[in-house]
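# Observations on the model geometry
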Amino acid sequence: QVQLVESGGGLVQAGGSLRLSCAASGRTFSTYVMGWFRQAPGKEREFVTAISWSGSNTVYADSVKGRFTISRDNAKNTVYLQMNSLKPEDTAVYYCVAARTYYDSVYQNEADFNSWGQGTQVTVSS
């Protein structure tokens, strides 16, 4: 198991930036693909981005591509989500996710991830 704790959410004006962090524990000598989902009020959770263990493989939802960047620091067991040019439609609870992997893989289906953080609220004002 891996436990995930998100931080960095908050209120930002449209066009602004935020950086989310996700600290993982309980994964010594393990490799994980990690990523982010988000859920807006009244909507289903949607995939945002994911990154492979090596960091060489990433995938982004079309809605955030070019604006968001995922990165990871395995020495710190931390994954980051840099969010630029934020839009009101980015308002959501953002969840950090992780899955054990034996390849340098990236996943993007909700069912592929078996570890979830509790979420951090991101609110973008007009």
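To keep things clear, this report deals only with the structure shown in the data block. (Residues numbered from 1 in each chain as written. Predicted model: local features only at pLDDT ≥ 70, side-chain atom pairs only at ≥ 80, totals over all residues. Heavy atoms only, no water.)

## As for the sheet that holds strand 1 (residues 3–7)
Counted only if it meets this: Criterion used throughout: strands pair if DSSP finds at least two bridges between them. Counting from the N terminus, the helices are the DSSP runs of H or I reaching at least four residues and the strands are the DSSP runs of E reaching at least two. To get an axis, fit a line to the C-alpha atoms, keeping to the stretch in contact for a helix; angles then go from 0 to 180 degrees between the N-to-C directions.
With antiparallel pairing, the four strands of this open sheet are ordered in space as 1-3-8-7. Single-partner strands in this sheet number two, and they are strand 1 and strand 7 (68–73). Between one strand and the next, the sheet's axes are offset by a mean angle of 15 degrees, whatever the strand orientation. Pairing of strand 1 with strand 3 (residues 18–25) involves five bridges; the strand directions are antiparallel. Following the sheet pairing, Glu6 is matched in strand 3 by Cys22.

## Topic: the packing of aromatic side chains
To keep it simple, the criterion reads: Classification of ring pairs rests on two measures: the distance between centres of Phe, Tyr or Trp rings, Trp counted by its six-membered ring, which must be within 6.5 Å, and the angle between planes, read as stacked under 30 degrees, edge-to-face over 60 and tilted in between. Think of it in three bands: with a 1.4 Å probe and only protein chains considered, a residue is buried below 20% of the maximum accessible area for its type, exposed above 50%, and partly exposed in between.
Evaluation of the coordinates by the stated rule reveals five aromatic pairs. Measuring from ring centre to ring centre gives 5.6 Å for Phe37 and Phe47, while their planes differ by 80 degrees; the resulting arrangement is edge-to-face. Linking Phe37 in strand 4 (residues 32–39) with Phe47 in strand 5 (residues 46–51), this pair joins segments that are 10 residues apart in sequence. According to the relative accessible area criterion, Phe37 is buried, its value standing at 2%. When the centroid spacing of 6.0 Å and the interplanar angle of 70 degrees are considered together, the rings of Tyr107 and Phe113 count as edge-to-face. We classify Phe113 as buried; its relative accessible area is 4%. Here the aromatic cluster, defined as three or more aromatic residues joined through ring pairs, consists of Phe37, Phe47, Tyr95, Tyr107, Phe113 and Trp116.

## Things to note about the state of the cysteines
Our working definition: The disulfide criterion is simple: two cysteine sulfur atoms within 2.5 Å.
The tally for this structure, following the rule as stated, stands at one disulfide. The disulfide partner of Cys22 is Cys96, and the gap between their sulfur atoms is 2.0 Å. Because the sign of the S-S torsion sets the handedness, a value of about -85 degrees for the bond joining Cys22 and Cys96 places this disulfide among the left-handed ones. You can see Cys22 sitting in strand 3 and its partner Cys96 sitting in strand 9 (residues 92–100), a full 74 residues away along the chain. A relative accessible area of 0% means that Cys96 is categorised as buried.

## Digging into the side chain of Ser52
To keep things clear, this is the line we draw: Any pair of nitrogen or oxygen atoms within 3.5 Å is treated as a polar contact; in protein, a donor-acceptor pairing is required on top of that, and neighbouring residues in sequence qualify only through side-chain atoms on both sides. Should any heavy atoms of two residues lie within 4.5 Å, those residues are considered in contact.
Tracing the backbone shows Ser52 in the loop between strand 5 and strand 6 (58–60). A distance of 2.9 Å separates polar atoms of two side chains, one belonging to Ser52 and the other to Asp104. Contact partners of Ser52, with chain neighbours within four places excluded, come to Tyr32, Val33, Asn57, Arg72, Asp104, Ser105 and Val106.

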